[in-house]
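The residues making up each chain are set out below.
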Amino acid sequence: GLYPRECPFILGQEGGGVIASLPDDGDRLGFKVGDRVVYGSFGSYAESTSVPIDKLVKVPDNLDMKTAIACMTQGLTAHYLSSSVGAGIAKEGDWVLVYGCGSGTGQWTSQMCKIRGYIGSNNSDATSASLFGCEKLIIMDNVSGKSYADYASVDIVSRVMEITGGKGCKLIIDGIGKDTYEISLKCLAKRGLFVSFGNASGAVPAFPVLRLLPQSAFLTRPKLNDYTSNRAELLERAHDVFTWVREGKLNIVIDKVFDLDQVQTAHSYLESGQAKGKVLLKL
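Residues numbered from 1 in each chain as written. Predicted model: local features only at pLDDT ≥ 70, side-chain atom pairs only at ≥ 80, totals over all residues. Heavy atoms only, no water.

Visitor: Please set out the packing of helix α2 (residues 105-116) against helix α6 (residues 231-246) residue by residue, giving values where relevant.
Guide: Each pair of packed helices can be summarised by the angle the axes make with each other and by the distance between the axes. Packing of α2 against α6 brings their axes to within 13 Å, and their N-to-C directions diverge by 90°. Accordingly, the angle class assigned to the pair α2 and α6 is roughly perpendicular. Contact residues: α2 offers Trp108, Met112, Ile115 and Arg116, while α6 offers Asp240, Val241 and Trp244. Its residues placed into classes, the contact of α2 with α6 shows 5 nonpolar, no polar and 2 charged. (Axes fitted to C-alpha atoms, helices over the stretch in contact; angles between N-to-C directions. Helix = DSSP H or I, 4+ residues; strand = E, 2+ residues; numbered from the N terminus. Parallel < 35°, antiparallel > 145°, perpendicular 65-115°, else oblique. Contact = heavy atoms within 4.5 Å. Nonpolar A, V, L, I, M, F, W, Y, C, P; charged D, E, K, R; others polar.)

Structure, rendered in structure tokens:
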């Protein structure tokens, strides 16, 4: 696959629960046995998980565990995509294009861009526009059995230029990959930033850097670990996300919860493109 790992390994990269035991110096970060915590760390498809202590985040008393777990990978990813990657490039009032606000990270990112004061244009369905803070919507046809839309079903470039008055978007957040990178490059505003962070339709192929020349554009391919590179950064992002959820600024959708022994069914459900929010596993 795109991200090879040595086999065998335990699936899952986020989870939550109650601390069962701590190392001898476990109190240095203020944790105690019995604390409710969430984390982003490999090996979460298990009854018990050994997690580096500096990866743990306490769950606030007034936040339920399912929502807190949902906040980790997608919520923190959306946080850095909307607040850090484009910092200084996209400003309040600028147009931002986010793919797929109907499910996954796109739901979170659209809403956080709204919080930041960006004007959102999105590729999804009409219901998602009102739920997830999109100013303008570009509706695609669905691809049967896939987790992404048919991005050739609409002339996205023309629609973006129409919506933005010919200026294009200062920030484009693209988790689709192979099927959309050409569109993204053509939708950029002058000195805009193309953020390619996912591969739902396949990996973006190599292309000449001169493709960025017409708009004097920027390109980045970031990952979450580099934007939670120390504990202070992790806690800052988690605090913001938890706070926005509790204040009602983020509409969080838990689509389905499967038992852990239904993991194959859960993965098939994700791959089918039916999910409209977070899918969780429980013991």
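Visitor: So what about the pattern of salt bridges? Which residues, and what values?
Guide: Proximity of charged atoms lets side chains of opposite charge pair with each other. Under the defined criterion, the tally for this structure stands at 11 salt bridges. Among the charged side chains, a salt-bridge network with shared partners connects Lys32, Asp35 and Lys58. (Salt bridge = Lys/Arg side-chain N within 4 Å of Asp/Glu carboxyl O.)

Visitor: Give a detailed account of the side chain of threonine 73, specifying residues and quantitative values.
Guide: Along the chain, threonine 73 turns up in helix α1 (residues 65-85). Overall, threonine 73 belongs to the buried group, its relative accessible area being 18%. Excluding its chain neighbours within four sequence positions, the residues that come into contact with threonine 73 are Gln13, Glu14 and Leu224. (Buried < 20%, exposed > 50% of the residue type's maximum accessible area, 1.4 Å probe, protein only.)

Visitor: An account of the sheet that holds strand β3 (residues 56-58) is needed here, citing residue identities and associated values.
Guide: The 3 strands lie next to each other as β1-β2-β3, forming an open sheet whose pairing is antiparallel. Each of the sheet's edge strands pairs with one partner strand only, and the pair in question is β1 (15-18) and β3. Across the sheet, the axes of successive neighbouring strands diverge by a mean angle of 30°, strand direction being ignored. In this sheet, strand β2 (residues 36-39) lies alongside β1 in antiparallel orientation, the contact comprising 4 bridges. Bridging from a neighbouring strand, valine 18 pairs with arginine 36 of β2. (Pairing = 2+ DSSP bridges.)

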